[in-house]
Amino acid sequence: MDKQSDATFAMFFRTEYPGVVRTAYLVLHDQEAANDVAQDAFAKTLSHWGRVSRYDRPDAWVRKVAINRAISVARRQKLHIAASSHTEPTTEQKPVDLDLMRAIRALPPAQRAAVVLFYFEDRPVAQVAEIMDCSPSTAKVHLHRARKRLSEQLGEAVADVS
Amino acid sequence: MSLDGRIRQGLVQAADSVEPNVEGDLMKVTQRARTRRRIQWAAGAVAVAAIGAFLFLGGTDLFDATGDTNPIPPASTGGDGGPTISPTPEDSPSEAVSLTLADLWFTRGEVLFPDTSGLPSAELEGTKLTGEMLLGALVAGTDHAPPEAGLSTSIPEGTKVLGFDIANRIATVDLSSEFVSGGGSLSMRMRVAQVVFTLTQEEEEVEGVLFEIDGEPVDAIGGEGVDVSDPQTRADYEDLLPPIAVTSPNWGTYFVSGETIEGIANVFEATVSWRILDESGEEIANGFATATCGTGCWGDFTTEVEFSIDHSQEGTVEVFESSAENGEPMNVVSVPVTLFTD
């Protein structure tokens, strides 16, 4: 890779990496795992940078890799990641809605990912589907089920996703 | 506040607690992209090199280290443009090796079989891994793997890692007495080989392994007496390797066009064939790679593969040897993966 490509990747990385780490964290609820998933996604992106950099939205590509990797990791997380490795917010950190986060953590990984992309990244259902590599109707089902479960857990009313 | 509002606000608050180390992680990502594993096999013996390894000296053991470790030889050579990192004086007292990729060696059938999924963060290449972590994950067994992976282990359940030490490229492992319980001669050799293959990876710069049981040095393992009086190397257990061992991709992982198939093989004329099967079992790409040695000797192979699919799907990477007699696939290694489209 030439110096110009290095520079454009570095710029891309600095812009997108924090967001991808945070999104991965919200899916995995584990800081170390989130860092690793994000780094893996960006390493793959760098490996294919000559091609990816020409895409309309390289940020969507790296998220697609990261989210799918995060879902895969999350599915095995209960087997591999000890409970102690979860990053619980400390009292020194900003206040966190612990009940909500526990309820989100209890969701199946795909539903969790859909919730994070829809609510945290503020993406429309079509983009959630694109990143999760599923149809819009499947993404909608994930969101609907997630919200239903969250409302049950948190005792709040739920309206449908449009 | 509505449920939607609460979810949004809660996620933003939780995300605020994450402060990525952007510049540090950019370096890690760059190095990870360049990292390629290679196992160098020298005439009749294993040469373990640090080519392509991403080594940090310093840092903290993530695994519960049970013994003090001696400094690992300080210099490591970065291949593929990777870094050469020497320990600083501050690093030396608490040395630990971090590496990006590593295999645990389990068994499949009656041969050794490499696997990465048993690591605490199997999918998480780049997580700090130490010799203790590798060993701990190895003795933990194969419960992590689904039955279809076919993984097994000859290391008895309940085996504990009591100590781990590296000096002059020789690892000394102290295992509990469960390690020598049960099993016949093949099982004894296999469990020793599992430890040896797992610890003698280039990233670790470990060439051989000495064994202790319950804190006492031993010259033999088990009643069948596997001689371990000298440091054990991969060359001592090559006969337990399958004709083809695929080290990448690992089963169950994502596989993108442009990635590599890697492994070690001892096949006719060093020619390793591969093919990619889609979700319906149809072949969508094929090719071959040439190992660095063949027809009676072990060589490593790596080949970049290209395939085209219109949607992500379950698939299979098959690596095999074509029969010299009729061209039929033999010694087939099937790796179920998710074929990922970009």
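Heads up: these notes are all about the structure in this document. Every value quoted in this text rests on a predicted model; they were computed, and no experiment measured them. (Residues numbered from 1 in each chain as written. Chains lettered and ligands numbered in written order. Predicted model: local features only at pLDDT ≥ 70, side-chain atom pairs only at ≥ 80, totals over all residues.)

**Some remarks on the sheet that holds strand β8 (residues 170–175) of chain B**
All names here are of chain B.
Thought 1: Read from one edge of the open sheet, 4 strands run β7-β8-β9-β10, paired in mixed fashion. In the strand order of this sheet, the two ends are held by β7 (161–167) and β10 (216–217), each with one partner.
Thought 2: Both strand β9 (residues 208–213) and β10 contribute to a ladder of 2 bridges, which runs antiparallel. By the bridge assignment for β10, Glu 212 is matched with Pro 217.
Thought 3: Packing against the sheet, helix α3 (residues 131–139) makes contact with β7 and β8, and its axis sits at approximately 145° to β7. (Pairing = 2+ DSSP bridges. Helix = DSSP H or I, 4+ residues; strand = E, 2+ residues; numbered from the N terminus. Contact = placed C-beta atoms within 7 Å. Axes fitted to C-alpha atoms, helices over the stretch in contact; angles between N-to-C directions.)

**A look at the interface of chain B and chain A**
Thought 1: Each side of the interface is counted separately: chain B has 37 residues, and chain A has 49 residues.
Thought 2: Elements with a minimum of two residues in the side of chain B that touches chain A: α1 (3–16), α2 (22–34) and β14 (254–256) of chain B.
Thought 3: Top element by residues in the side of chain B that touches chain A is α1 of chain B. It accounts for 11 residues.
Thought 4: The class makeup of the residues in the side of chain B that touches chain A is 18 nonpolar, 10 polar and 9 charged. (Nonpolar A, V, L, I, M, F, W, Y, C, P; charged D, E, K, R; others polar.)

**What about the packing of helix α6 (residues 109–120) of chain A against helix α8 (residues 136–154) of chain A?**
All names here are of chain A.
Thought 1: At a minimum axis distance of 8 Å, the contact between α6 and α8 shows a crossing angle of 95°. As judged from the angle between their axes, α6 and α8 are roughly perpendicular. Here Ala 110, Gln 111, Ala 114, Val 115 and Phe 118 of α6 come into contact with α8, specifically with Ala 139, His 142, Leu 143, Arg 145 and Ala 146.
Thought 2: Its residues assigned to classes, the contact of α6 with α8 comprises 7 nonpolar, 2 polar and 1 charged. (Parallel < 35°, antiparallel > 145°, perpendicular 65-115°, else oblique.)

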